[in-house]
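Residue-level structure breakdown
Here are the chains, one letter per residue:
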Amino acid sequence: MDDKLKYYLEMVSRKRFYPIRKDGKLIGFITYYLCNGNIEKYINKEPYEIVDDSINGDVIYIDHLIGSYGETYAKDSLSIWFGLKEYFKKQFPHIHRIEFVDGRKDKKYISIRR
């Protein structure tokens, strides 16, 4: 089994996989880790390396964002992020921030208001 498949299967089994749907079709997905504020461990790992996370973590680090959004990307992305934030608020009430690194290696975050 290759590293990519192993990684995605493990993230699904850990329930660290969020499918992105539009009109009933899967158009992408997000994998993520729960961490305790320090995301460096997740930033510095190999792309398909599986590392431990913390169920009691207060930050979600988005590891992979894969999708094909087509011509409506700008419109769809807002509803995708809104749905993702609502999902995280319900599933992990102790989370207060979502962090990710964009393609330029710039750290970004989204606060979750309660």
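Predicted model, so just to flag it, every value in this text is computed and none were measured. (Residues numbered from 1 in each chain as written. Predicted model: local features only at pLDDT ≥ 70, side-chain atom pairs only at ≥ 80, totals over all residues. Heavy atoms only, no water.)

Our focus in this paragraph is the nonpolar core. If you look at the biggest cluster of nonpolar residues, it comprises 15 residues, and the most contacted ones within it are Ile30, Tyr32, Ile60, Phe88 and Phe92. Of all the elements in the fold, those that place two or more residues in this core are strand E1 (17–22), strand E2 (25–35), strand E3 (59–67), helix H3 (73–91) and strand E4 (97–101). With residues up to four places along the chain from it excluded, the contact list for Ile30 reads Arg16, Phe17, Tyr18, Ile20, Ile62, His64, Leu65 and Leu84. Ranked by size, the runner-up nonpolar core spans 11 residues in total, among them Met11, Tyr33, Ile39 and Tyr61. (Core = buried A, V, L, I, M, F, W, Y, C linked by side-chain atoms within 4.5 Å. Buried < 20%, exposed > 50% of the residue type's maximum accessible area, 1.4 Å probe, protein only. Helix = DSSP H or I, 4+ residues; strand = E, 2+ residues; numbered from the N terminus. Contact = heavy atoms within 4.5 Å.)

Moving on to the packing of aromatic side chains. Across all of its chains, the model carries 13 aromatic pairs by this definition. Taken together, a centroid distance of 5.0 Å and an interplanar angle of 50 degrees make the contact between Tyr18 and Tyr87 tilted. On the criterion of sequence distance, the pair formed by Tyr18 in strand E1 and Tyr87 in helix H3 is long-range, its members being 69 residues apart. Note on Tyr18: relative accessible area 14%, which makes it buried. You can call Tyr87 partly exposed: its relative accessible area is 26%. Between Tyr87 and Phe88, the ring centres sit 5.7 Å apart and the planes meet at 55 degrees, which makes this aromatic pair tilted. (Phe/Tyr/Trp six-rings, centres within 6.5 Å; stacked < 30°, edge-to-face > 60°.)

What follows is about the confidence of the model for the protein chain. With 83% of its residues at a pLDDT of 70 or more, the protein chain has an overall mean of 84. Mean pLDDT values over the elements of the protein chain span from 60, in strand E5 (residues 107–111), up to 96, in helix H1 (residues 3–13). (pLDDT = per-residue confidence, 0-100.)

Taken together, Met1, Leu5 and Leu9 make up a surface patch of nonpolar side chains, about 330 Å² in accessible area. Examined against the element boundaries, Leu5 turns out to sit in helix H1. With relative accessibility at 44%, the residue Leu5 sits in the partly exposed group. (Patch = residues over 30% accessible without salt bridge, like charges linked within 9 Å, V, L, I, M, F, W, Y side chains within 5 Å. Areas by Shrake-Rupley, 256 points an atom, 1.4 Å probe, with all protein chains shown as cover. Salt bridge = Lys/Arg side-chain N within 4 Å of Asp/Glu carboxyl O.)

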